[in-house]
Number of protein chains: 2
Amino acid sequence: MPSKAQYGSKAELAAAIRVARGDLPADLVIKGGHFLDVFAGELAAGDIAIYKGRIVGAADAYEGRELVDADGAVAVPGFIDAHVHIESSLLSPVRFQQCVLPVGTTTVIWDPHEIANVRGADGLRWALAASEGLELDVFVMLSSCVPSTSPHMGLETSGAELTTDDLMQLQGHPRVLGLAEMMNYPGLLAGDPAVLDKLVAFAGMRRDGHCPGLAGKDLNAYGAAGIHSCHESTTLAEAREKLRKGIHLLIREGSCAKDADTLLPLLDDYSSAVIGLCSDDRNPADIAREGHIGFIVDKALRAGVRPEAVFRAASFAAARAYGLEDRGAVAPGYQADLCLVRPTDGSDWRSGLALGAVYKRGRRVDEHRLARAAEERIGAGSTIRLHRNLHLDPVDTPDFRVPAAAAIPEQRVRVIGLRPGSLLTVHLEARLAVEAGEVLPDKSQDVLKVAVFERHHRTGRRSVGFIRGFGLGAGAIACSINHDSHNVIVVGVEARAMALAVNHLREIDGGIVVVGSEGVLADLPLPIGGLMTDRPPAEVTEGLDALKAAARGLGCPLDEPFLQLAFIALPVIPALKITDRGLVDVERFELVPVLV
Amino acid sequence: MPSKAQYGSKAELAAAIRVARGDLPADLVIKGGHFLDVFAGELAAGDIAIYKGRIVGAADAYEGRELVDADGAVAVPGFIDAHVHIESSLLSPVRFQQCVLPVGTTTVIWDPHEIANVRGADGLRWALAASEGLELDVFVMLSSCVPSTSPHMGLETSGAELTTDDLMQLQGHPRVLGLAEMMNYPGLLAGDPAVLDKLVAFAGMRRDGHCPGLAGKDLNAYGAAGIHSCHESTTLAEAREKLRKGIHLLIREGSCAKDADTLLPLLDDYSSAVIGLCSDDRNPADIAREGHIGFIVDKALRAGVRPEAVFRAASFAAARAYGLEDRGAVAPGYQADLCLVRPTDGSDWRSGLALGAVYKRGRRVDEHRLARAAEERIGAGSTIRLHRNLHLDPVDTPDFRVPAAAAIPEQRVRVIGLRPGSLLTVHLEARLAVEAGEVLPDKSQDVLKVAVFERHHRTGRRSVGFIRGFGLGAGAIACSINHDSHNVIVVGVEARAMALAVNHLREIDGGIVVVGSEGVLADLPLPIGGLMTDRPPAEVTEGLDALKAAARGLGCPLDEPFLQLAFIALPVIPALKITDRGLVDVERFELVPVLV
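Being a predicted model, the structure only gives us computed values, none of them experimental.

## Things to note about the overall build of chain A
Part 1 of the reasoning: Counting its secondary structure elements, chain A contains 17 helices and 30 strands.
Part 2 of the reasoning: Against the globule reference of 25 Å for 596 residues, chain A gives a C-alpha radius of gyration of 25 Å, in line with a compact fold.
Part 3 of the reasoning: Its C-alpha atoms give chain A principal-axis dimensions of roughly 90 × 50 × 45 Å.
Part 4 of the reasoning: The long-range share in chain A, meaning contacts at least 24 apart out of those at least 6 apart in sequence, stands at 69%.
Part 5 of the reasoning: Summed over its atoms, the accessible surface of chain A is roughly 19200 Å², and 50% of this surface lies on carbon and sulfur atoms.
Part 6 of the reasoning: For chain A, the centre of its 61 positive side-chain charges and the centre of its 77 negative side-chain charges are spaced 2 Å apart.

## A few points about the packing of aromatic side chains
Part 1 of the reasoning: In this structure the tally under the stated criterion is 14 aromatic pairs over all chains.
Part 2 of the reasoning: An angle of 80° between the planes, with centres 6.4 Å apart, marks the rings of A:Trp110 and A:Trp126 as edge-to-face. Here A:Trp110 is found in strand β9 (residues 105–110), whereas its partner A:Trp126 is found in helix α4 (residues 121–130), with 16 residues between them in sequence.
Part 3 of the reasoning: The exposure class of A:Trp110 is buried, given its relative accessible area of 0%.
Part 4 of the reasoning: Seen from their ring centres, B:Tyr185 and B:Tyr222 are 6.5 Å apart, and the 80° between their planes marks the pair as edge-to-face. Placement of the pair is B:Tyr185 in helix α5 (residues 185–190) and B:Tyr222 in helix α7 (residues 216–224), with a sequence separation of 37 residues.
Part 5 of the reasoning: Three or more aromatic residues joined by ring pairs make a cluster, and in this case those are A:Phe39, A:Phe316 and A:Tyr334.
Part 6 of the reasoning: The ring centre of A:Tyr7 lies 4.4 Å from the NZ or CZ of A:Arg54, which sits over that ring.

## Here we look at the interface of chain B and chain A
Part 1 of the reasoning: With 77 residues of chain B in contact, the opposing surface of chain A contributes 77 residues.
Part 2 of the reasoning: Together chain B and chain A conceal approximately 5900 Å² of surface at their shared face, both sides included; 56% is due to carbon and sulfur atoms.
Part 3 of the reasoning: Looking at the side of chain B facing chain A, the largest losses of area belong to B:Phe39, B:Arg244 and B:Tyr270, adding up to 15% of the total buried there.
Part 4 of the reasoning: Inspection of the chain B/chain A interface yields twelve salt bridges.
Part 5 of the reasoning: A:Arg244 is paired through a salt bridge with B:Glu42; the nearest N and O atoms lie 2.2 Å apart.
Part 6 of the reasoning: The interface formed by chain B and chain A contains 37 residue pairs in polar contact (both at pLDDT 80 or more).
Part 7 of the reasoning: The dominant element in the side of chain B that touches chain A, judged by the number of residues it contributes, is α7(B), at seven residues.

## Quick word on the relation of the copies chain B and chain A
Between the two copies of this chain, the relationship is a rotation about some axis together with a displacement along it.
Part 1 of the reasoning: In screw terms, the move from chain B to chain A is a rotation of 180° and a rise of 0.0 Å along the axis, fitting with an RMSD of 0.1 Å. Such a turn and shift between the copies fits a two-fold axis. In terms of C-alpha distance to the rotation axis, chain B has B:Tyr270 as its closest residue, with the C-alpha 2.6 Å off the axis.
Part 2 of the reasoning: In this assembly the copies share their binding face: 100% of the residues contributing to the interface of chain B also contribute to that of chain A.

## Observations concerning the sheet that holds strand β25 (residues 488–492) of chain A
Residues and elements named next belong to chain A.
Part 1 of the reasoning: An order of β21-β20-β19-β23-β22-β25-β24-β26-β27 is seen for the nine strands of this open sheet, with the pairing classed as mixed. Looking at which strands have only one partner, the edges of the open sheet turn out to be β21 (438–439) and β27 (519–525).
Part 2 of the reasoning: One ladder, built from nine bridges, connects strand β19 (residues 410–418) with strand β20 (residues 425–435); its direction is antiparallel. Each bridged residue has a counterpart across the sheet, and for Gly417 the counterpart in β20 is Val426.
Part 3 of the reasoning: Each of β24 (476–479), β26 (511–516) and β27 touches helix α16 (residues 537–553); the most contacted strand, β27, lies at about 150° to it.

## So, the pattern of salt bridges
Part 1 of the reasoning: In this structure the tally under the stated criterion is 82 salt bridges over all chains.
Part 2 of the reasoning: Residue A:Asp218 pairs with B:Arg21 through a salt bridge whose shortest N-O separation is 2.8 Å. Placement of A:Asp218 in helix α8 (residues 216–224) and of B:Arg21 in helix α1 (residues 10–21) is noted, with the two residues assigned to different chains.
Part 3 of the reasoning: Residue class for B:Arg21 comes out partly exposed when judged on its relative accessible area of 28%.
Part 4 of the reasoning: Note that B:Lys31 is salt-bridged to B:Glu63, the shortest N-O span being 4.0 Å. With B:Lys31 in strand β1 (residues 26–31) and B:Glu63 in the loop between β5 (54–59) and β6 (64–69), this pair connects stretches of sequence that are 32 residues apart.
Part 5 of the reasoning: Looking at B:Lys31, the relative accessible area reads 24%, which means it is partly exposed.
Part 6 of the reasoning: Using a relative accessible area of 55% as the deciding quantity, one classes B:Glu63 as exposed.
Part 7 of the reasoning: Ionic contacts of the salt-bridge type, sharing partners, join the residues A:Asp137, A:Asp326, A:Arg327, A:Asp337, A:Lys360 and A:Arg361 into one network.

Criteria and thresholds
Each chain has its residues counted from 1, following the order in which its sequence is written. Following the order in which they are written, the chains are lettered starting with A and the ligands numbered starting with 1. It should be noted that, the model being predicted, local features are given only for residues of pLDDT at least 70 and side-chain atom pairs only at 80 or more, the latter also being counted only at that level, while totals for whole chains, interfaces and linings use all residues. To obtain the side-chain values, all non-hydrogen atoms of the structure were used and water was disregarded. Elements are defined by DSSP. Helices are runs of H or I of four residues or more, strands are runs of E of two residues or more, and each kind is numbered from the N terminus. Radius of gyration here uses only the C-alpha atoms, and the compact-globule reference equals 2.2 Å multiplied by the residue count raised to the power 0.38. It only takes one pair of heavy atoms within 4.5 Å for two residues to be counted as in contact. Computed with a 1.4 Å probe, the accessible areas rest on the Shrake-Rupley method; for each residue, only the protein chains presented here act as cover. Two residue types count as positive, namely Lys and Arg, and two as negative, namely Asp and Glu; His and chain ends fall outside the count. Here the site of a charge means NZ on Lys, CZ on Arg, CG on Asp, or CD on Glu. Within 6.5 Å between ring centres, the rings of Phe, Tyr and Trp (the latter by its six-membered ring) count as paired, and their orientation is classed by plane angle as stacked under 30 degrees, edge-to-face over 60, tilted in between. Each residue is assigned to one of three classes by its accessible area relative to the maximum for its type, calculated with a 1.4 Å probe on protein chains only: buried under 20%, partly exposed between the two thresholds, exposed over 50%. A positively charged side chain is recorded as over a ring if its NZ (Lys) or CZ (Arg) lies within 6 Å of the ring centre. The angle to the ring normal must also be within 35 degrees. Simply put, the buried area is the total loss of 1.4 Å probe accessible area from both parts when two parts are fitted together. We define a salt bridge as a side-chain nitrogen of Lys or Arg found within 4 Å of a carboxyl oxygen belonging to Asp or Glu. Residues adjacent in sequence count toward polar contacts only when both atoms are side-chain atoms; beyond that, a polar contact is any pair of N or O atoms within 3.5 Å, and within protein one must be able to donate a hydrogen and the other to accept it. The fit set for superposing copies consists of C-alpha atoms from residues with pLDDT of at least 70 in both; the fit itself is least squares. Only strands joined by at least two bridges in the DSSP assignment are considered to pair. Axis definition: a line fit to C-alpha positions, over the contact stretch in the case of helices; interaxial angles, taken between N-to-C directions, run 0 to 180 degrees.

See below:
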């Protein structure tokens, strides 16, 4: 665990003491501003002196090699994202930092759950290697639930399985803080030995939670088992109960799940010591447009929470919750991770957040430098390669056939019903025409075909079903992001377009593609595990925009068609899902036939 | 570092989950009361279910093998003493717990600085062994400044010296949390390599501070060097600056240093997450009469601080400041260290604290059980013996002679001037009669003799000087507690009585003695290092009372004659002190002659 003022040598420590006493000049002094005192809860006036990446003086006047005029701004500790899946940004870590550092996030706690599902322990090793030596500090929680459903249930084919032994091999890494979100809370509550094994193995470290809706004695049991946090609260009552029961509340504002407005009433002077903020899953377009953790800060300020409480939650609370004793405060000995902030209207914090310069380890964050660093790192290649992601043979139109039960003109089928803006689906039924023994989709009812192809082990497993809600008039959409096992999923009207989409994904080694009647309309290659890319954030945002425009052009009414598609195969969220094994009735936790 | 819900086996964890879910009965349920939510800052209603020493449920209704009616009381986390020298209680740890557990202190963080000064690394090992397996949880900070002045300064002869290597050998002990109070802040600020060595060696752990009056850039330097806390603030401005600069503020109320009334205005909802409470040095009589950490809690409540803030400071704040993640909250997974409390008048917390039952690891604290445990442990003997404490030959009246400079009728001498109730002294002068070449004390001026005898290495070093303020008309007072080197000190009117007092200390192997004209009036043997005893707390309190009465009978006007005597030899507190090497002018940091 990183400690305050952890100098490696006496010489370095001696120099820091001399600078702090004013006997040697500081590297950088931020003058003429205020700073947040996260201990007493005041905005105090005075200089901030920085030496070798750490704050050595606050409040007193200093001279330095470089002076910055704070111009009346307030220096607050850099924001900490207490729970993030970097993969959801579609960016590799070195590209992710390009997005989040400039908007004030200086530390993130990453559960590399997606790449772990694709590549297992190699995925975790890649995550640690790819986040090593960045400007952004990336700490890692080791994914606890890979795959999301037990393989012996046979509901899906996952890319990998992580055992307690796999995790323990990485437990001692200096940036590993513990066990990531324990999503398998039913298993925990039932005393599943594999779950208990992991909890006991990580008993000396932080063990994150994930327990939407858990309450009462079950929540007690979750906390009694040592679970440390939860970022899944969606109602005030749920969040209040978790907070009270010692489950660190993390207020989340992602691209899909947006809980800040609901939960911010819990944030006050008292609770700001223990409530953290997080993004969980946030795409690069939202980060560019709205910000990252700063977006929650802005909401909190506008909601009237005292800035002393808001900025403490955004930094100190998460730092202390995860044992990061070297950050989260503007005080001597702390890492010089700072944001210069002020109210947008210059006087009243209720006007929201205006973010100025960001400093990481005492160095001003510079977008060009971050871009150059990314190019250099990518040019040099990574130690573990994560390409060759699509282990499946080319597909063809017959792969999408759904044979009817008998020689009948019409067939009753189960249909996955999308709910726009939600990960939940509804379990529908429809009557579809049968032609030459094949059940046909029906655009007039918006009942399209959806298919999932296993892509990790070349098993050839695939399944085809029906879905309502995508509204496509032609073509197909396919992607290799498909929680949590990340097989290939494709939705479409015509088998030819669907096959083209899947085959195109094979060619680009994973990503997202929209196919029209005439061929590929737009694509976004994601060659790192089929989930992420090393391309620049702006290019990825443009690529996503082009994909969305193409989908809209085909008639899709959804705001986030690819996010919604990516959760169609997750067999732990109700009600009806589809995996490579077939349709899953999540309420009954079993496979059900397409035909009724 | 202890973690929340750190179960050793899957079976134990599985059982805890079942109890929490209500499938198995709890060991103990506290029903019908409220409990403090240290996260949101509320007094919540509901049951507390306990299993195997840990809380497994809070708020929800439970059944258990044992039910306790809370009768409307509020369960708060057991109090934590964030900084204590157990030696100052004159009691060994197993006797100390008899005093503090019944008054609500369930965890202490001990700097065994006194026994370390006497016995060095063996003293630290004894401290760890003697505090092992108690009901009270005793964590240890390793003494950083033994001896208090550098041996090459030659100001005193200490019992022991602790090097970085000595400390590092004990660094990995599971109850060692870090480096104890860095009293040598001048050395730190000057870059003394021995000090920096210790700071670097403990860079990954907590490093406590001790910096009375330090401010401005020097305080910045202290924090920049990684110092984590300070318990020495005596003014509001000093405490506020330390708090702001990230030096955890510990509000102290000892027997000598009493800072609570002054500093409590800093405690509020916000700061209660980071301000801890401590006793530092507190004698058993005060603990019995007023309480321990609960005494500060009582003062804070009477001062009008919200109970939600007061009780959080008394528990959670200290726990988190020291990385004790398993305690300091009433929530599932936390250790069941609880105090049942209510306002003394039953309704308004401003009436002060009424403390009911105390639970340690879910077991009600029972004074008789603690007494029995002490008798058993003492009967069984300890692994490291700390007797044979007084390594000095018998003394006689000539040892107390102060020869005059020449054959003159009167001699000018330096005199240590006591300040009642303070550890500071003043530098006085007096004219004393000379008889047969010897300078005589003068009762009419209250100028008595004071002598210090080296007692660790049988060097025979001794010094004799003069002191004003003890007011004795006859006899002598001697003791082997004598900060920080704990040589033997004696003050008296007649050389015969002084010699008798020192020789009596030899016989009882250390302690405190009051001698009158007719012989020994009262004594208190302290055979553990000459500092502590295994006798019951009540007996020690009675012994102290008898000693005080005897001193008063000889004319001594001081409230705490033995405490004041015990600091006369500490050459780091101004202005004039005496060690075995002679008089020390603390302002000039050098030895000065008795004769002027």
